[in-house]
Amino acid sequence: MATNNIQGIAATVERFFNLAGLPDGKQRAQIEEQIVNDLAGSAERKPYLVLSDKAIYYYCDKKVVRDYPAVEATSNRVLHCDGRRISILDRDAYVANRAVVIVGAVAATAAAGAALAQAGAQERRPGVSAGTSYSNNNNNNNNNNNNNNG
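Residues numbered from 1 in each chain as written. Predicted model: local features only at pLDDT ≥ 70, side-chain atom pairs only at ≥ 80, totals over all residues. Heavy atoms only, no water.

**Some words on the overall build of the chain**
- In terms of helices and strands, the chain carries five helices and six strands.
- Listing the helices and strands of the chain from first to last along the sequence gives α-α-β-β-β-β-β-α-β-α-α.
- Within the chain, the proportion of its 150 residues that are buried is 35%.
- For the chain, the share of sequence-separated contacts (at least 6 apart) that also reach a separation of at least 24 residues comes to 47%.
- Counting only carbon and sulfur atoms, one obtains 47% of the accessible surface of the chain, whose full area is about 9,300 Å². (Helix = DSSP H or I, 4+ residues; strand = E, 2+ residues; numbered from the N terminus. Buried < 20%, exposed > 50% of the residue type's maximum accessible area, 1.4 Å probe, protein only. Contact = heavy atoms within 4.5 Å. Areas by Shrake-Rupley, 256 points an atom, 1.4 Å probe, with all protein chains shown as cover.)

Below is the structure:
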């Protein structure tokens, strides 16, 4: 396997662990190393990770092969990682029957990851808005509608 591919997988797995809110340390580094080696060496089996309910589950051929307790995880989202990208899963579908239903992608940049983590923290605090605005998108849609109608 190419070195840059392993580096890409390692960066994605590290982002996944950061989004999960797991503190950096020796134990996390050992788990990351094992997962990166597994993901890099078994593309034909389509392995992936899922963070749910304070645990990280390592799947291979749609079966849980290993799980890692993540008792210090701060994310309440269900996250999916295949070594190339990180996605947000439908929590209800995963909790009910372990169905992997992707509802969104997590941006690749560290700044976007930090924003996602911050938004998750704000979701848990009642009465605090994440501050997301859709006015620019709305204005673009209105402009497009006006241009198409007249």
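Once the structure has been displayed, the description carries forward.
**What about the nonpolar core?**
- In this structure, V13, F16, F17, I35, L49, L51 and I56 are the most contacted members of the largest nonpolar core, which totals 24 residues.
- Listing elements by their share of this core, those giving two or more residues are α1 (3-20), α2 (26-41), β1 (48-52), β2 (55-60), β4 (79-81) and β5 (86-89).
- In terms of residue count, the dominant contributor to this core is α1 (six residues).
- Counting residues in hydrophobic clusters, the runner-up holds eight residues, among them V50, Y57, L89 and Y94. (Core = buried A, V, L, I, M, F, W, Y, C linked by side-chain atoms within 4.5 Å.)

**Some points on the pattern of salt bridges**
- According to the stated counting rule, one finds six salt bridges in the structure shown.
- For D24, the salt bridge goes to R28, with nearest N and O atoms at 3.9 Å.
- Taking the relative accessible area as the measure of exposure, D24 reaches 62% and is therefore exposed.
- Between R91 and D53 there is a salt bridge whose closest N-O contact spans 3.1 Å. Taken together, the residues R91 in helix α3 (residues 91-97) and D53 in the loop between β1 and β2 connect sequence positions 38 residues apart.
- By relative accessible area, which is 35% here, R91 ends up partly exposed.
- Each of D24, R28 and E32 takes part in salt bridges that share partners, so that together they form one network. (Salt bridge = Lys/Arg side-chain N within 4 Å of Asp/Glu carboxyl O.)

**A few points about the sheet that holds β4**
- Taken together, six strands build an open sheet; the order of strands is β3-β2-β1-β4-β5-β6 and the sheet is antiparallel. The open sheet has two free edges, formed respectively by β3 (63-69) and β6 (102-105), since each of these has just one partner strand. If you compare each strand with its neighbour and ignore which way they point, the axes differ by 30° on average.
- Two strands pair when backbone bridges link them, and β2 and β3 are joined in this way by six bridges, in the antiparallel orientation. Of the residues in β3, the one forming a bridge with Y59 is V64.
- Packed on one face of the sheet, α2 meets β1, β2 and β3 and runs near 160° to β3. (Pairing = 2+ DSSP bridges. Axes fitted to C-alpha atoms, helices over the stretch in contact; angles between N-to-C directions.)

**Some remarks on the environment of V106**
- Relative to the elements of secondary structure, V106 occurs in the loop between β6 and α4 (110-123).
- In this structure, the C-alpha to C-alpha distance between V106 and S87, residues 19 residues apart in sequence, is 5.4 Å.

**Description of the pairing of β5**
- By the alternation rule, side chains of β5 split into I86 and I88 and S87 and L89, which are all buried.
- A loop of four residues connects β4 with β5, the two strands running antiparallel in sequence, and G83 in this loop sits at a positive phi of about 95°.

**Quick look at the confidence of the model for the chain**
- Across the chain, pLDDT averages 75, with 63% of residues at or above 70.
- Predicted confidence is poor over residues 109-113, with pLDDT under 50, and the contacts of this stretch with residues over four places away or in other chains come to two contacts.
- Per-residue pLDDT stays below 50 along residues 128-137; that stretch engages in four contacts with residues further than four places along the chain or on separate chains. (pLDDT = per-residue confidence, 0-100.)

**Here we look at the environment of V95**
- Positionally, V95 belongs in helix α3.
- Note: C-alpha distance between V95 and D53 (42 residues apart in sequence) is 8.6 Å.
- In this view, V95 contacts S52 and D53; residues no more than four positions away in its chain are not counted.

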